[in-house]
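Below are the chains, spelled out letter by letter.
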Amino acid sequence: MHWNFIGLAVPLFLFFIGLEYYVSKKRGKNFFQYAESVANLNVGIAERLMDIFVTGLFFFVFQWVHKNFAIFDIKPAWYTWILLFLATDLVWYWYHRFAHEVNAFWAAHVVHHQSEDFNYTVSARITVFQAMIRSGFWSVLPLIGFPPEMITVLLLVHGLYPFFIHTQVLGRWGWFEKVLVTPTHHGIHHASNPEYLDRNYGDVLIIWDKMFGTFKQEDKNIKIVYGLTKQLNSHSFLWQHFHFPMEIFMNFRYARGFRARWKVLFGKPDDLDPRYRAVLERKLLNVHPVKDTTDAMRQYVTAQTTFSLCLLFVIVTFEAWFPTAQLLLWSAFILVSLVNSGAILDQRRWIFYLEYSRLALVMISVLLVYPNGWTSVGLLLATACLLVYFRKIRRYYFRILYRG
């Protein structure tokens, strides 16, 4: 069976994160916060995991559009590759701009801007919902007549560049600042300062921002603050993904008339009533002061994140080697782990039930690999012990993890 070389992106991604961390420390800077980095990686793990199940769908859509609706029949040539690059980057600009200016699209893109850090881990904050929306925008490329195979290859290459501009260690790029999107330009894009909001949408070329009036040069007198204008104050995996869609739902539900509801869906984020955010936080997030992170919490979350990354690498690289049921169980285990580690950082107490859920997934996986009577008996005994000693295990769990 073949293996998927895309899986190599996982260790390469981690290598550059480690290199960035090392360089920043050598320069006496600290561009990484532990909890922020874990939250960023969790989002990236989920997106890469979901890509296994949906990437083929994107290619199918490109094929269908090209076969049935292509305006021109464009053949691969050196000049058509250049045209495709320019078209791809231009489409990205407009997708990115709409993702900031239209609530329905911002609901997916907001996750990318939630981090209060700006480093390579932030580039991981891409959701599968965002990937689906921007692939919808890219469907204009096969409509024009570019072959799906060309589009797929270019998107893979085109997607590498944005990773390297999510950093503060590379500094200015001299003459290239006039043409390319650089870390300086993209850092401004991630800023929540009023002067920098909704600027520098470009992905590879900065020329589109200059053409369409959204370019902003860095002002040395302004200290950049990264993240949202109203920070999340939470590392919850679920809250990061769904807080804004729920805000839209609340605004839509209580809006009066078609015009008001249309504005909720297709207006700008500033058009939403901010009071609903506070209501949702009070009801669902249950915001409360979080105590200092314990050593046990850090060690446990680090172990979970490391294991999730390793398991992700195995799943992506050797996807074709495993039956679908096993892939689904492992994927569910990773997703529960991501929710769990975020909840631990927020020091929630309902996480203990997630631990039992993960154990259940492990047991089912073991039973699939070793489907015999002895395995069934052993798992039944283990389940009985876990249920009988539930309270005692939970008490020790929180005593070790949260110091009480």
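Here the structure is a predicted model, which means the values were calculated and not measured. Positions within a chain are numbered from 1, following the residues in the order the chain's sequence is written. Residues qualify for local features only when their pLDDT is at least 70, as the model is predicted, and side-chain atom pairs are given and counted only at 80 or more; totals for whole chains, interfaces and linings, by contrast, use all residues. To obtain the side-chain values, all non-hydrogen atoms of the structure were included, while hydrogens and water were left out.

Colleague: When you look at the overall build of the protein chain in this model, what are you seeing that I'm missing?
Modeller: For the protein chain, the count of helices and strands is 18 helices and zero strands. With C-alpha atoms as the basis for the radius of gyration, the globule rule is written as 2.2 Å multiplied by the number of residues raised to the power 0.38. Computed over C-alpha atoms, the radius of gyration of the protein chain comes to 23 Å, within 12% of the 22 Å expected from 2.2 N^0.38 for 404 residues, which places it in the range of a compact globule. By principal-axis analysis of the C-alpha atoms, the protein chain measures approximately 65 × 55 × 50 Å. Throughout, exposure labels follow a simple rule: accessible area from a 1.4 Å probe, protein chains only, divided by the maximum for the residue type, with under 20% read as buried, over 50% as exposed, and the rest as partly exposed. For the protein chain, the proportion of its 404 residues judged to be buried stands at 49%. Across the protein chain, every contact between residues at least 6 apart in sequence was considered, and the portion connecting residues at least 24 apart equals 77%. Secondary structure counts use DSSP, requiring at least four H or I residues in a row for a helix and at least two E residues in a row for a strand, with both numbered from the N terminus. The criterion used for residue contact is that any of the two residues' heavy atoms lie within 4.5 Å.

Colleague: Help me understand unusual backbone geometry, please; the structure alone is not making it clear to me.
Modeller: Glycine aside, the phi torsion of most residues is negative, and most peptide linkages are trans. The residue N233 is not glycine, and still its phi comes out positive at about 55°. Looking at the element boundaries, N233 is found in the loop between helix 10 (207-212) and helix 11 (237-254). Residue N233 is classed as exposed on the basis of its relative accessible area of 62%.

Colleague: Help me understand the pattern of salt bridges in this model?
Modeller: Side-chain pairs of opposite charge can arise where the charged atoms are in close proximity. Any carboxyl oxygen of Asp or Glu that lies within 4 Å of a side-chain nitrogen of Lys or Arg is treated as forming a salt bridge with it. With the rule as written, the count across this model stands at 10 salt bridges. The shortest N-O distance in the salt bridge between R277 and E247 comes to 3.8 Å. Taken together, the residues R277 in helix 13 (residues 275-285) and E247 in helix 11 connect sequence positions 30 residues apart. The class of R277 is buried, set by a relative accessible area of 7%. Its relative accessible area of 8% is what places E247 among the buried residues. Put simply, K230, E247, R277 and E281 are held in one network by salt bridges that share partners.

Colleague: Teacher, can you tell me more about the packing of helix 16 (residues 351-369) against helix 17 (residues 373-388) here?
Modeller: The geometry of a pair of packed helices is captured by two quantities: the angle between their axes and the separation between those axes. Lines fitted to C-alpha atoms define the axes, with helix axes restricted to the stretch in contact, and inter-axis angles between N-to-C directions lie between 0 and 180 degrees. Where helix 16 contacts helix 17, the two axes come as close as 10 Å, and the packing angle between them is 170°. Judged by the inter-axis angle, helix 16 sits roughly antiparallel to helix 17. For the pair formed by helix 16 and helix 17, the contact residues are Y356, L359, M363, V366 and L367 on the first element and T375, S376, L379, A382, T383 and L386 on the second. Each residue belonging to the contact of helix 16 with helix 17 can be placed in one class, and the counts come to eight nonpolar, three polar and no charged. Roughly parallel covers angles under 35 degrees, roughly antiparallel covers those over 145, roughly perpendicular covers 65 to 115, and oblique covers all other angles. Only Asp, Glu, Lys and Arg are considered charged in this grouping, and only Ala, Val, Leu, Ile, Met, Phe, Trp, Tyr, Cys and Pro are considered nonpolar; every other residue, Gly among them, is considered polar.

Colleague: Looking at this structure, how should I read the packing of aromatic side chains?
Modeller: Within a pair of aromatic rings, the relevant descriptors are the distance that separates the centres and the angle that separates the planes. Here the aromatic set is Phe, Tyr and Trp, taking the six-membered ring for Trp, and pairing holds for ring centres within 6.5 Å; pairs whose planes are under 30 degrees apart are stacked, those over 60 apart are edge-to-face, and all others are tilted. Considering all chains together, one arrives at 38 aromatic pairs under this definition. The interplanar angle of 20° and the centroid separation of 4.5 Å between the aromatic rings of Y120 and F163 together place this pair among those described as stacked. Of this pair, Y120 sits in the loop between helix 4 (103-109) and helix 5 (128-138) while F163 sits in helix 8 (residues 161-164), and the two are 43 residues apart along the sequence. The burial state of Y120 is the same as that of F163; both residues are buried. Ring plane angle 65° and centroid distance 5.2 Å describe the contact between F318 and W321, whose orientation is recorded as edge-to-face. What links up through ring pairs into an aromatic cluster is the set W92, Y93, W94, Y95, F98, F105, F137, W138, Y201 and F212. To sit over a ring, a charge needs its Lys NZ or Arg CZ within 6 Å of the ring centre and within 35 degrees of the ring normal. The ring of F215 is capped by K210, whose NZ or CZ atom sits 5.1 Å from the centre of that ring.

These figures capture arrangement, not role.
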